[in-house]
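# Residue-level structure breakdown
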Amino acid sequence: MPGLLDGKSALVTGAGSGIGRATALAFAREGAWVAAADLKLEAAQETARMVEAAGGQAVAIEVDVTDDAAVAAMVQAAVKAFGGLDCAFNNAGIAPYQVNAAGQKIADVAPEAWQQLLDVNLTGVWRCLRHEVAQMRTQGGGAIVNTASVAGLVGLPSSSAYVASKHGVVGLTRTAAADHAEENIRVNAVCPGYIETPMTEDTMRRKGERILARVPMARMGRPEEIAEAVVWLCSDRASFVTGAAWTVDGGYSAV
Ligand SMILES: NC(=O)c1ccc[n+]([C@@H]2O[C@H](COP(=O)([O-])OP(=O)(O)OC[C@H]3O[C@@H](n4cnc5c(N)ncnc54)[C@H](O)[C@@H]3O)[C@@H](O)[C@H]2O)c1
């Protein structure tokens, strides 16, 4: 059976772990060549090895999405490896605990922590978008998915910077979709609920029971369940879908 992404090239940021790694593997399973990019080169290389072990083709790229020149070089490296860029998954992100802001209410969040989180989660997506769109324009189109979150749709106590960053990603996605629809570039967001990845390990250990009590499906999602949505959104089957913020959250934001 033909793959949904046969003959396409796909770039993934945050590909060294969790949702990014699962999506890199799903892209390859559907026939795409994969550029796996991450701040941690070894983790990206491990993902590339996993893709190749499953019969796919991948390159690993080191990138810090807070560095515009590095993001430009990442896109160029993907294009050099595969001759173009058809799909991009802008997924690299960090949680409040990674900027020492876990559990802090607005007045307690240090300006540096706010800045750092927004720089990765929101401005990082914008940097990726600008270089990807510039490339896709030259090829006549493409499909981009940004990782937002249910925190891009509703508020979460003690997570102001994260929530602001993810609401920003949803707004940026909608505007990018409108800006580039005529150029045949589709831009969508995926909004995961609580997913089993290294990012949520600590939170779930501390308050997993309380969180799961709010999820209609009463469980966490798996990274592979996000990957399926991303694959479809990047595929030609989603040819009329742009500017969408698609929840994959076991019903969390529905109630
Ligand atoms: N896990 C969840 O429950 C959940 C829910 C909603 C949204 N998300 C979002 O999904 C995305 C992936 O999260 P995950 O759960 O797979 O987390 P993760 O921590 O497992 O993976 C994140 C990856 O991003 C990379 N990264 C971090 N900063 C970077 C930078 N500056 N440049 C390049 N790469 C960088 C990390 O090295 C890591 O490999 C994030 O944007 C996160 O906010 C996660």
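As a starting point, this report considers the structure included with it. Worth saying up front: this structure is predicted, and the values here are computed from it rather than measured. (Residues numbered from 1 in each chain as written. Predicted model: local features only at pLDDT ≥ 70, side-chain atom pairs only at ≥ 80, totals over all residues. Heavy atoms only, no water.)

## A short note on the site of the ligand
Filter applied, for reference: Here a residue is near a molecule or strand as soon as one of its heavy atoms is found within 4 Å of it. Between N or O atoms, a polar contact is any pair within 3.5 Å; within protein, one atom must be a potential hydrogen donor and the other a potential acceptor, and residues adjacent in sequence are included only when both atoms are from side chains. Each accessible area is a Shrake-Rupley estimate made with a 1.4 Å probe; only the visible protein chains count as cover when residues are assessed. To qualify as a helix, a DSSP run of H or I must reach at least 4 residues; to qualify as a strand, a run of E must reach at least 2; elements of each kind are numbered from the N terminus. Three categories are distinguished: nonpolar for Ala, Val, Leu, Ile, Met, Phe, Trp, Tyr, Cys and Pro, charged for Asp, Glu, Lys and Arg, and polar for the others, with Gly belonging to the last.
Around the ligand, the surrounding shell holds 27 residues, and the nearest of these are Ser17, Asp38, Tyr162, Ile195 and Thr197. Here a nitrogen atom of the ligand and a side-chain polar atom of aspartate 64 are 3.0 Å apart. Taking 830 Å² as the accessible area of the ligand by itself, protein coverage stands at 95%. Within the residue set of the shell around the ligand, elements represented by two or more residues are α1 (18-29) and α5 (160-180). Classifying every residue of the shell around the ligand by side-chain character gives 13 nonpolar, 11 polar and three charged.

## Description of the pattern of salt bridges
Definition in use: We count a salt bridge whenever a side-chain nitrogen from Lys or Arg sits within 4 Å of a carboxyl oxygen from Asp or Glu. Think of it in three bands: residues with accessible area under 20% of the maximum for their type are buried, residues over 50% are exposed, and the middle band is partly exposed, with areas taken using a 1.4 Å probe on protein chains only.
Under the definition given, this model contains 11 salt bridges. Its salt-bridge partner being arginine 137, residue glutamate 183 comes within 2.6 Å of it at the nearest N-O pair. Taken together, the residues span a long stretch of sequence, with glutamate 183 in the loop between α5 and β6 (185-192) and arginine 137 in helix α4 (residues 111-139) at a distance of 46 residues. Glutamate 183 gets classed as partly exposed once you look at its relative accessible area, which sits at 28%. Overall, the relative accessible area of 48% leaves arginine 137 in the partly exposed class. The network of salt bridges with shared partners includes Arg29, Glu30 and Glu228.

## Some points on the nonpolar core
Convention followed: Definition used in this section: a nonpolar core is a set of buried Ala, Val, Leu, Ile, Met, Phe, Trp, Tyr and Cys residues joined via side-chain atoms within 4.5 Å. When checking whether two residues touch, look at their non-hydrogen atoms; a contact exists if any pair is within 4.5 Å.
The biggest cluster of nonpolar side chains holds 43 residues, and the ones touching the most others in it are Leu11, Val63, Val65, Met74, Leu85, Ile144 and Val187. Elements represented by at least two residues in this core include exactly β2 (33-38), α3 (68-82), α4, α5 and β6. When sequence neighbours within four positions are dropped, the list of residues in contact with methionine 74 reads Leu11, Thr13, Ala37, Ile61, Val63 and Cys128. Listed in part, the 28 residues of the second largest apolar core include Ala22, Phe89, Ala227 and Ala229.

## Let's talk about the pairing of β2
We count it as follows: Following DSSP output, two strands are said to pair if at least two bridges run between them. For crossovers, right-handed means that the path from the first strand over the helix to the second runs clockwise, given strands pointing away from the viewer.
The element β2 is extensively covered by neighbouring structure, given that five of its six residues are classed as buried. Of the strand pairs in this sheet, strand β1 (residues 9-13) and β2 are connected by five bridges, and their pairing is parallel. Opposite threonine 13, over in β2, you have alanine 37 as the bridge partner. One crossover worth recording links β1 to the parallel β2 by way of α1, and it is right-handed. Pairing of β2 with strand β3 (residues 58-62), which is carried by five bridges, proceeds in the parallel orientation. The partner of alanine 37 across the bridge, within β3, is isoleucine 61.

## Structural notes on the pairing of strand β5 (residues 142-147)
In terms of burial, β5 is largely enclosed, as six of its six residues are buried. In this sheet, β5 lies alongside strand β4 (residues 87-90) in parallel orientation, the contact comprising four bridges. Bridge assignment links asparagine 90 to a residue of β5, and that residue is asparagine 146. Where the polypeptide runs from β4 across α4 and back to β5, its parallel neighbour, the crossover connection is right-handed. In this structure, β5 lies alongside β6, joined through six bridges in parallel fashion. Among the inter-strand pairings, isoleucine 144 is bridged to a residue of β6, identified as valine 187. A crossover links β5 with its parallel partner β6, the connecting element being α5, and its sense is right-handed.

## As for the sheet that holds β5
Through backbone hydrogen bonds, the strands of a sheet pair up, either in parallel or in antiparallel fashion. Using the following cut-off: All axes are obtained by fitting lines to C-alpha atoms, using only the stretch in contact for helices, and the reported angles, taken between N-to-C directions, cover 0 to 180 degrees.
Judged by pairing direction, the sheet is parallel, and its seven strands sit side by side in the order β3-β2-β1-β4-β5-β6-β7 without closing on themselves. At either margin of the open sheet sits one strand with a lone partner, and together these are β3 and β7 (245-248). In this sheet, adjacent strand axes meet at a mean angle of 20° when their direction is disregarded. The strands that helix α2 (residues 41-53) touches are β2 and β3; relative to β3, the one it contacts most, it runs at about 175°. Each of β1, β4, β5 and β6 is contacted by α4, which is oriented at about 175° to β5, the strand it contacts most.

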